[in-house]
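An overview of the molecular structure
Now for the letters of each chain:
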Amino acid sequence: MAIDEKIITEAIISEYYAKFKSCLDLDVAVVGAGPSGLTAAWKLAEQGFKVAMFERKLSIGGGMWGGGMTWNFIVVQDEGRQVLEDAGLTLKLFKPGYFTVDAVAATTTLASKACLAGTRVFNCMSVEDVVLREVDGIKRVTGLVINSSPVEIAGLHVDPLVIGCRYVIEATGHDTEVLKTLVRKNDVRLNTTTGGIEGEQSMWAEVAEAHTLSNTREIFPGMFVAGMAANASYGSYRMGPIFGGMLLSGVKAAEEIAARLRGR
Ligand code: 48F
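Keep in mind that this is a model prediction, so the values were computed, not measured.

1. Considerations on the overall build of the protein chain
- Along the backbone of the protein chain there are 9 helices and 13 strands.
- What you see for the protein chain is a C-alpha radius of gyration of 18 Å, in line with the 18 Å of a compact globule of 264 residues.
- Here the protein chain, with 264 residues, has 48% of them falling under the buried criterion.
- Long-range pairs, those at least 24 residues apart, make up 67% of the contacts in the protein chain between residues at least 6 apart in sequence.
- Roughly 13100 Å² of accessible area belongs to the protein chain as shown, and the carbon and sulfur atoms make up 56% of that amount.
- Side-chain charges in the protein chain split into 26 positive and 30 negative, and the spacing between the mean points of these groups amounts to 2 Å.

So this is what it looks like as structure tokens:
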């Protein structure tokens, strides 16, 4: 069969823009494709919600590829194990209560679950701001301001584009980048003790794992925090290469948002 390069180009242009156009009005926009964002996207997309995920890097998976210090295994406790088993992974019991799994297998499997469930993934896309609106007298996040990562990396002066959504999941990890932008640019109060971002504390895995789950909530109207961003927002600890809290946080964010969207 003859191959026409122009048809290949046309196929990519058509498919990409059809995908982009279908994402102008989302149920949920997930920022950051680490383990918490991937799990949340998977769980929401498999219920039929319209979900897109925006990830600055070329690869999705965030900080899970390299296990601990590039030694590519991760650890989960009993509590988080089921999420990975539901995804099709087999975990190995290392010591009572501690399970291991290959980090690359875990990352690719979660990524695959999110994609195959119907998440529209935009890699190489950075979220640089949010859209704020006053809805019934209350300020609310109603969309994201996005730009091509190569534009961002090159420091080019190019304006962004905008998508709309019912909910944002802020899953940008330790840096809580999107939430920081929301607070820096607007006179807003978050659902935290001080009303601001509390900041992340040093390593305390046991407490951090539990807090990741309790800190997964709507921190500002229209915006949930998940994963490490949840702990960094609410002033809890880091936990290193134990990932159950990240997975369960994604599940919780998905459950809470699904309930709100259904009650709409
Ligand atoms: O850091 P990350 O993996 O977030 P997570 O889901 O998981 C944390 C763990 O990896 C680990 C840990 C567990 O013990 O502590 O650190 O909370 O993934 C966050 C993703 O967000 C992307 C970033 O490239 C990464 O892949 N990201 C960050 N800021 C932006 C962004 C942004 N402004 N726009 C798009 N993507």
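2. Examining helix 4 (residues 103-116)
- For helix 4, built from 14 residues, the straight-helix expectation of 20 Å at 1.5 Å per residue is met to within 8% by its first-to-last C-alpha distance of 20 Å.
- Those residues of helix 4 that fall on the buried side of the exposure criterion are Ala103, Ala106, Thr107, Thr109, Leu110, Ala111 and Ala114.
- For helix 4, the elements touching its buried residues are helix 2 (35-45), strand 3 (73-77), helix 3 (78-86), strand 5 (98-102) and helix 9 (244-262).
- One side-chain oxygen at the N-terminal end of helix 4 lies 2.9 Å from the backbone nitrogen of Val104; it belongs to Asp102.
- Backbone geometry just downstream of helix 4 places Gly118 in the positive-phi region, at approximately 115 degrees.

3. What to know about the site of the ligand
- Taken together, 27 residues lie around the ligand, and Ser36, Glu55, Gly63, Met228 and Gly240 are the ones closest in.
- A distance of 3.1 Å separates a nitrogen atom of the ligand from a polar atom in the backbone of Arg56.
- One of the backbone N or O atoms of Gly240 is found 2.2 Å from an oxygen atom in the ligand.
- Counting residues per element, the ones that place at least two in the shell around the ligand are helix 2, strand 2 (51-55) and strand 7 (125-135).
- The leading source of residues in the shell around the ligand is strand 7, at 3 residues.

4. Let's talk about the pattern of salt bridges
- Counted under the stated rule, the structure contains 9 salt bridges.
- Glu46 is paired through a salt bridge with Lys43; the nearest N and O atoms lie 4.0 Å apart.
- Its relative accessible area of 16% is what places Lys43 among the buried residues.
- Beyond isolated ion pairs, a larger network of salt bridges with shared partners links Arg56, Glu152 and Glu177.

5. Focus: the pairing of strand 9 (residues 161-170)
- Buried residues dominate strand 9, accounting for 7 of its 10 residues.
- Bridge count for strand 1 (residues 25-31) against strand 9 is 6 bridges, and the pairing is parallel. Each residue of the ladder has a partner; that of Leu26, found in strand 9, is Cys165.
- In this structure, strand 8 (residues 138-148) lies alongside strand 9, joined through 4 bridges in antiparallel fashion.

6. A short note on the nonpolar core
- In this structure, Leu44, Leu84 and Ile169 are the most contacted members of the largest nonpolar core, which totals 49 residues.
- Residue contributions to this core peak at 8 residues, all from helix 9.
- Not counting the four nearest positions on each side in its chain, Leu84 is found in contact with Ile74, Val76, Leu89, Leu91, Val101, Leu110 and Leu247.
- If you look at the next biggest cluster of nonpolar residues, it comprises 29 residues, including Leu144, Leu179, Leu190 and Ile219.

7. Comments concerning the environment of Ala114
- Inspection of the secondary structure assignment puts Ala114 in helix 4.
- With relative accessibility at 1%, the residue Ala114 sits in the buried group.
- Spatially, the C-alpha atom of Ala114 lies 8.9 Å from that of Leu44, the residues being 70 residues apart in sequence.

8. Here's the deal with the sheet that holds strand 3
- Strand order in this open sheet of 3 strands is 3-5-4, and the pairing throughout is antiparallel. With partners counted over all chains shown, the strands left at the sheet margins are strand 3 and strand 4 (92-95), one partner each. Strand-to-strand, the axes of this sheet are offset by a mean angle of 40 degrees, without reference to chain direction.
- Two strands pair when backbone bridges link them, and strand 4 and strand 5 are joined in this way by 3 bridges, in the antiparallel orientation. Pairing of Lys95 across the sheet is with Tyr98, part of strand 5.
- Most of the contacts of helix 4 go to strand 5, to which it runs at about 75 degrees, and overall it touches strand 3 and strand 5.

9. Re the packing of helix 2 against helix 9
- At a minimum axis distance of 7 Å, the contact between helix 2 and helix 9 shows a crossing angle of 40 degrees. Relative to helix 9, the element helix 2 is oriented oblique. Handedness of the crossing formed by helix 2 with helix 9: right-handed. Along its contact with helix 2, which presents Pro35, Ser36, Thr39, Ala40, Lys43 and Leu44, the element helix 9 presents Met246, Leu247, Gly250, Val251, Ala254, Ile257 and Ala258.
- In terms of residue class, the contact of helix 2 with helix 9 is built from 9 nonpolar, 3 polar and 1 charged.

Parameters at a glance
- Residues numbered from 1 in each chain as written.
- Predicted model: local features only at pLDDT ≥ 70, side-chain atom pairs only at ≥ 80, totals over all residues.
- Heavy atoms only, no water.
- Helix = DSSP H or I, 4+ residues; strand = E, 2+ residues; numbered from the N terminus.
- Rg over C-alpha atoms; globule rule 2.2 N^0.38 Å.
- Buried < 20%, exposed > 50% of the residue type's maximum accessible area, 1.4 Å probe, protein only.
- Contact = heavy atoms within 4.5 Å.
- Areas by Shrake-Rupley, 256 points an atom, 1.4 Å probe, with all protein chains shown as cover.
- Lys, Arg positive; Asp, Glu negative; His and termini not counted.
- Charge placed at Lys NZ, Arg CZ, Asp CG, Glu CD.
- Expected span 1.5 Å × (residues − 1).
- Polar contact = N/O pair within 3.5 Å; in protein donor to acceptor, adjacent residues only side chain to side chain.
- Near = heavy atom within 4 Å.
- Salt bridge = Lys/Arg side-chain N within 4 Å of Asp/Glu carboxyl O.
- Pairing = 2+ DSSP bridges.
- Core = buried A, V, L, I, M, F, W, Y, C linked by side-chain atoms within 4.5 Å.
- Axes fitted to C-alpha atoms, helices over the stretch in contact; angles between N-to-C directions.
- Parallel < 35°, antiparallel > 145°, perpendicular 65-115°, else oblique.
- Left-handed = near helix turned anticlockwise from the far one by under 90°.
- Nonpolar A, V, L, I, M, F, W, Y, C, P; charged D, E, K, R; others polar.

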